[in-house]
Amino acid sequence: MAFIDELIEGGGNFLFTRTEGGASLKPASDRDIDLASFQYLVRRVREHEGDGYTIHLEQVSSDRPGDPVDLLVLILVDAS
């Protein structure tokens with residue numbers, strides 16, 4: 001199973017929204033614990049880039065210390 005399939009299936013403290021040709025990922029809420037958990041997912045998404053997607057955008061939160069990423073936009077790659 002490709003890593004992108006794991007993302008699509010969900011599970012965790014993040015929201016996956018599919019768009020035409022892409023997808024977005026963001027924390028399940030704006031609570032600190034969800035944002036912190038999302039940083040682990042960001043690292044995993046970066047590590048698996050090329051496994052069905054490329055990263056188009058990483059939005060950094062401007063109102064949180066440490067510049068955490070609070071939105072990822074992906075371009076989905078057609079495997080056919």
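Everything below is about the structure printed above this text.
All of these numbers come straight from a predicted model, not from anything done at the bench. (Residues numbered from 1 in each chain as written. Predicted model: local features only at pLDDT ≥ 70, side-chain atom pairs only at ≥ 80, totals over all residues. Heavy atoms only, no water.)

**Concerning the environment of valine 69**
Residue placement: valine 69 occurs in strand 4 (residues 69-76). Judged by its relative accessible area of 4%, valine 69 falls in the buried class. Along the sequence, valine 69 and glutamate 49 sit 20 residues apart, while their C-alpha atoms lie 16 Å from each other. (Helix = DSSP H or I, 4+ residues; strand = E, 2+ residues; numbered from the N terminus. Buried < 20%, exposed > 50% of the residue type's maximum accessible area, 1.4 Å probe, protein only.)

**Regarding the environment of aspartate 30**
Examined against the element boundaries, aspartate 30 turns out to sit in the loop between strand 2 (22-27) and helix 2 (32-47). Residue classification places aspartate 30 among the exposed residues on the basis of a relative accessible area of 62%. Expressed as a C-alpha distance, the spacing of aspartate 30 and aspartate 67, which sit 37 residues apart in the sequence, is 14 Å.

**With respect to the pattern of salt bridges**
Taken as a whole and judged by the stated rule, the model has four salt bridges. Its salt-bridge partner being arginine 44, residue glutamate 6 comes within 3.7 Å of it at the nearest N-O pair. Here glutamate 6 is found in helix 1 (residues 3-9), whereas its partner arginine 44 is found in helix 2, with 38 residues between them in sequence. What makes glutamate 6 partly exposed here is its relative accessible area of 36%. On the basis of relative accessibility, which here comes to 25%, the residue arginine 44 falls in the partly exposed class. (Salt bridge = Lys/Arg side-chain N within 4 Å of Asp/Glu carboxyl O.)

**Concerning the nonpolar core**
Ranked by internal contacts, the top residues of the largest apolar core, which has 17 residues, are Leu7, Leu25, Phe38, Val45, Tyr53 and Leu74. Of all the elements in the fold, those that place two or more residues in this core are helix 1, strand 1 (14-19), strand 2, helix 2, strand 3 (53-60) and strand 4. Leaving out residues up to four positions away in the same chain, leucine 7 has contacts with Phe14, Phe16, Leu25, Leu41, Val45 and Leu74. (Core = buried A, V, L, I, M, F, W, Y, C linked by side-chain atoms within 4.5 Å. Contact = heavy atoms within 4.5 Å.)

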